[in-house]
Amino acid sequence: MEAVMCKKPRDERKEIFEDTRQIYGMDRRLMDSVSFSKYNQRVIAEEVEVTAPEDRYDAPAKVLVSQKRRLRKYSRR
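Read on for an overview of the structure. Keep in mind that this is a model prediction, so the values were computed, not measured.

### Quick look at the overall build of the protein
Looking only at helices and strands, the protein has four helices and zero strands in total. Counting from the amino terminus, the protein carries its helices and strands in the arrangement α-α-α-α. Burial statistics for the protein: of 77 residues in total, 1% are counted as buried. Entry remark: accessible area of the protein is about 8700 Å², with carbon and sulfur atoms responsible for 54%.

Printed below as a string of structure tokens:
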């Protein structure tokens, strides 16, 4: 455990990257998921209006904000 504590952040990130790359190369399901995600990404410009299809949702969204978060936000002003 001490060896892990002494690693430099850069070396640790490199090791994590290498482990991830190795896992990715061996897991077909993960590779398919990443490929699907990359293929289906879209860039939507700021000036483009996006609306959901009419039959997608049963009811309008309900947005709930906790009292704690609301107080925290207004106390920062």
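### What to know about helix H3 (residues 28-39)
Taking 1.5 Å per residue as the helical rise, H3 with its 12 residues ought to reach 16 Å, and the 16 Å between its terminal C-alpha atoms agrees with that figure. Capping of H3 at its N-terminal end is provided by Asp 27; its side-chain oxygen lies 3.1 Å from the backbone amide nitrogen of Arg 29.

### As for a nonpolar patch on the surface
Together, Ile 23, Tyr 24 and Leu 30 make up a nonpolar patch on the protein surface, roughly 250 Å² of accessible area in all. Within the secondary structure, Leu 30 is located in helix H3.

### Let's talk about the pattern of salt bridges
Summed over all chains, the structure comprises two salt bridges. Here Arg 21 ties to Glu 18 by a salt bridge, and the two come within 2.8 Å at their closest N and O atoms. Here Glu 18 and Arg 21 lie together in helix H2 (residues 9-26), a separation of three residues that amounts to about one turn. A relative accessible area of 32% places Glu 18 in the partly exposed class. Here Asp 32 makes a salt bridge to Arg 28, at a shortest N to O gap of 3.1 Å. Of this pair, Asp 32 and Arg 28 both sit in helix H3, separated by four residues, roughly a single helical turn. Look at Asp 32 and you get partly exposed, because its relative accessible area is 38%. Judged by its relative accessible area of 53%, Arg 28 falls in the exposed class.

What counts and what doesn't
One numbering rule holds for all chains: residues counted from 1, following each sequence as written. In view of the model being predicted, local features appear only for residues whose pLDDT reaches at least 70, and side-chain atom pairs are presented and counted only at 80 or more, with totals across whole chains, interfaces and linings using the full set of residues. For side-chain calculations, the full set of non-hydrogen atoms in the structure is used, while hydrogens and water are omitted. A run of H or I in DSSP becomes a helix once it reaches four residues, and a run of E becomes a strand once it reaches two; helices and strands are each numbered from the N terminus. A simple rule labels every residue: compare its accessible area, found with a 1.4 Å probe on the protein chains alone, to the largest value its type can have, and call it buried under 20%, exposed over 50%, or partly exposed in between. Using a 1.4 Å probe, the Shrake-Rupley method yields the accessible areas, and only the shown protein chains count as cover for residues. Take the residue count of a helix, subtract one, and multiply by 1.5 Å to get its expected span. The definition of a polar contact used here is a pair of N or O atoms within 3.5 Å, where within protein one atom must be able to donate a hydrogen and the other to accept one, and adjacent residues in sequence count solely through side-chain atom pairs. In this analysis, a patch consists of residues with relative accessible area above 30% that form no salt bridge, clustered at 9 Å for like charges and at 5 Å for the nonpolar side chains Val, Leu, Ile, Met, Phe, Trp and Tyr. Basic side-chain nitrogens of Lys or Arg form a salt bridge, by our definition, when they fall within 4 Å of a carboxyl oxygen of Asp or Glu.

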